[in-house]
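# Descriptive analysis of the structure
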Amino acid sequence: MSEAERREFTERDEEQGDEDTQVIERRRRVLIVDDDPDFLFMAEAALAAHGFLVERAAGGLRGVFLATQDVPDVILCDLRMPGIDGFVVAEALRADPATQHVAIFACTGRRDLEARAALNASAFDGVLVKPVDWDSAARLLHEIIGLRRPYGPTQGG
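Presented here is a report on the structure given in the accompanying data block.

## A look at the pattern of salt bridges
Tallying each qualifying case throughout the model produces six salt bridges. Among the salt bridges present, the one from E44 reaches R56, with a minimum N-O distance of 3.0 Å. One end of the pair, E44, is in helix α2 (residues 37–49); the other, R56, is in strand β2 (residues 53–57), with 12 residues separating them in the sequence. A salt bridge links R94 to D125, with the nearest nitrogen and oxygen atoms 2.7 Å apart. Here R94 is found in helix α4 (residues 86–95), whereas its partner D125 is found in the loop between α5 (113–120) and β5 (126–129), with 31 residues between them in sequence. Three or more residues joined by partner-sharing salt bridges are found here, namely R29, E55 and D70.

Here's what the structure looks like:
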């Protein structure tokens, strides 16, 4: 193999590596929807420390808007917010073809059976109970993102 051919292959490999890195970074985006600025700040800091690219939405309407403008891989959404609550956010995102495949996790401090029953019948993929154990949450989110294709539903589903 000539030096020119080697250089061409090397350049192609480097370009492919850059594309692979961009896909990995794209697949690690999390949108946090909550009306509590302290929770938004804390969640962003914790998830950023685990390598996620984080965007914050202060409220349900803003969350739906941001999710449909630049689709994240995972959404963490508070249940009780003024305006539209987390259940409405999740239902709206499930109804939109652009976001219907996105993993959506409820974030709530409610532990009662009534809340659990509502969550089981909802459009959420799971629940993170506040105060959130961010190390465990980060592991879960990495796992969920790894199971999903970049632009489609979970594999095998």
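## Topic: the side chain of D73
Position of D73 among the secondary structure elements: in the loop between α3 (60–69) and β3 (74–78). In terms of polar contacts, D73 uses its side chain to reach the backbone amide nitrogen of R28, at 3.2 Å.

## Describing the nonpolar core
Counting 22 residues, the largest nonpolar core has I32, L47, L76 and W134 as the members making the most contacts within it. Looking at this core, the elements that each hand over two or more residues are β1 (29–33), α2, β3, β4 (103–108) and α6 (134–147). It is α6 that provides the largest number of residues to this core, a total of six residues. Contacts of L76, omitting those with residues within four sequence positions, involve V30, L31, I32, V33, L47, F105, C107, L128, W134 and L141. A57, A67, C77 and A106 belong to the second largest nonpolar core, which has 19 residues in total.

## So, the sheet that holds β2
What the five strands build is an open sheet, ordered β2-β1-β3-β4-β5; its pairing is parallel. Two strands bound the open sheet, and with one partner strand each, they are β2 and β5. On average, each strand axis in the sheet is tilted by 25 degrees relative to the strand beside it, whichever way the strands run. As paired elements, β4 and β5 share four bridges and run parallel to each other. Bridge pairing in β5 links T108 to V129. Against the sheet, α2 makes contact with β1, β2, β3 and β4, and its axis sits at roughly 170 degrees relative to β2, the strand it touches most. The strands that α4 touches are β3 and β4; relative to β3, the one it contacts most, it runs at about 150 degrees.

About the criteria used
- Residues numbered from 1 in each chain as written.
- Predicted model: local features only at pLDDT ≥ 70, side-chain atom pairs only at ≥ 80, totals over all residues.
- Heavy atoms only, no water.
- Salt bridge = Lys/Arg side-chain N within 4 Å of Asp/Glu carboxyl O.
- Helix = DSSP H or I, 4+ residues; strand = E, 2+ residues; numbered from the N terminus.
- Polar contact = N/O pair within 3.5 Å; in protein donor to acceptor, adjacent residues only side chain to side chain.
- Core = buried A, V, L, I, M, F, W, Y, C linked by side-chain atoms within 4.5 Å.
- Buried < 20%, exposed > 50% of the residue type's maximum accessible area, 1.4 Å probe, protein only.
- Contact = heavy atoms within 4.5 Å.
- Pairing = 2+ DSSP bridges.
- Axes fitted to C-alpha atoms, helices over the stretch in contact; angles between N-to-C directions.

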